[in-house]
Amino acid sequence: MSPTETGSGTESVDTGAGVARITWLPARSARLVLAVGHGAGGGIEARDLQALAAVLPARGVSVALVEQPWRVAGKKVAPAPRTLDTGWQGLWPALRAPGLPVVAGGRSAGARVACRTAAGLGAHAVLALGFPLHPPGRPERSRADELLGTRVPTLVVQGGRDPFGRPAEFPPGEHRLVEVPHGDHGFAVPKKAPLTQDQALDVLTDAVADWVGGLP
C-alpha cells in the first residue's frame, strides 16, 4: 500500500540505477501528485522543495520528494544525465501508484531530468525550479532544448540573479516563467534585498499553487 494511502512516510524503490527513496507528504482528497527531485549539489532539504512540501498538501496536492539513488547511497557527486533519467523513470510506477495525475518536477539538475523524461513517461505537467539554462558564464552552452521539448504544460520558477540563467535569458516558448526577485540559484536573497527570505519563498509557493490549481 502506498504511503499516500496511509499517511506521510518514506518508500524505497528499486530502479535501474539503484535504490531511490520517496518521502510522501499526502494531501487529503488529493487531485494530483507533485513529484520533485533535488539538484546535483544537494538533497530534498533544499529550501524550495521544503517550502512546497509545507504548503501544497493543504491545497489538495500530494508532494513526493524524490531522492535519486546516488544520494540515497551517500555519494557526493551526481552521475551522468542518462543515469539520472534512469533513476527517475524507475520511480515512475511508484509515483503513479495513488492513481492520480503526476506533475514531474525538480530543482536544477532535477528540473532537467523532469523536462527530458516528461513526454515519454506521460507526465501531466512539468515544474522546473531554478532550471540551469546554461553553466555559469557559458551562455553558449544552452540547454533550452530540454525545456522547450517537454510537450506538456510547464512552469519555470527562476531566481532574478541566477547565474545558471536569469529570467531575461530564457527563450520564448509554451512554458510559463515566474521570477523570484533577487533570488539566486537556490532562491536565497541578499539581506539587503527589498523582500525577506520568507517573502521570496512565498512568491515561489504562491506561483506554483496557482499554476497547479489551474491545471486541468
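Let me sum up the structure you'll find in this document. As the structure is a prediction and not an experimental result, all values here were calculated from the model.

1. As for the overall build of the protein chain
In terms of regular secondary structure, the protein chain is built from seven helices and eight strands. Against the globule reference of 17 Å for 216 residues, the protein chain gives a C-alpha radius of gyration of 16 Å, in line with a compact fold. When its C-alpha atoms are laid out on the principal axes, the protein chain stretches across 45 × 35 × 30 Å. Across the 216 residues of the protein chain, 52% fall into the buried class. The contacts in the protein chain between residues at least 6 apart in sequence include a share of 61% that link residues at least 24 apart. Side chains of the protein chain give 22 positive and 19 negative charges; the mean places of these two sets differ by 4 Å.

2. A word on the layout of surface pockets
Any space left empty among the atoms is revealed by the rolling of a water-sized probe across them. Estimated volume of the largest pocket: approximately 170 Å³. Mapped by element, the contributors of at least two residues to the lining of the largest pocket are α4 (81-96) and α5 (109-121). Among the elements that line the lining of the largest pocket, the one with the most residues is α5, at three residues. When grouped by side-chain class, the residues that make up the lining of the largest pocket number nine nonpolar, one polar and three charged.

3. Quick look at empty space enclosed by the protein
Under the criterion given, the structure shown has one cavity of 30 Å³ or more. Roughly 90 Å³ of volume is contained in the largest cavity. For the lining of the largest cavity, the secondary-structure elements that each account for two or more residues are α4 and α5. Looking at the lining of the largest cavity, the element that brings in the most residues is α5, giving three residues. Among the residues making up the lining of the largest cavity, the classes are represented as eight nonpolar, six polar and no charged.

Cut-off values and rules
Residues numbered from 1 in each chain as written. Predicted model: local features only at pLDDT ≥ 70, side-chain atom pairs only at ≥ 80, totals over all residues. Heavy atoms only, no water. Helix = DSSP H or I, 4+ residues; strand = E, 2+ residues; numbered from the N terminus. Rg over C-alpha atoms; globule rule 2.2 N^0.38 Å. Buried < 20%, exposed > 50% of the residue type's maximum accessible area, 1.4 Å probe, protein only. Contact = heavy atoms within 4.5 Å. Lys, Arg positive; Asp, Glu negative; His and termini not counted. Charge placed at Lys NZ, Arg CZ, Asp CG, Glu CD. 1 Å grid on protein atoms, 1.4 Å probe; cavity = no way out; pocket = protein on both sides within 12 Å on 5 of 7 lines; lining within 4 Å. Points joined across faces, edges and corners; volume = space filled by probe spheres on them. Nonpolar A, V, L, I, M, F, W, Y, C, P; charged D, E, K, R; others polar.

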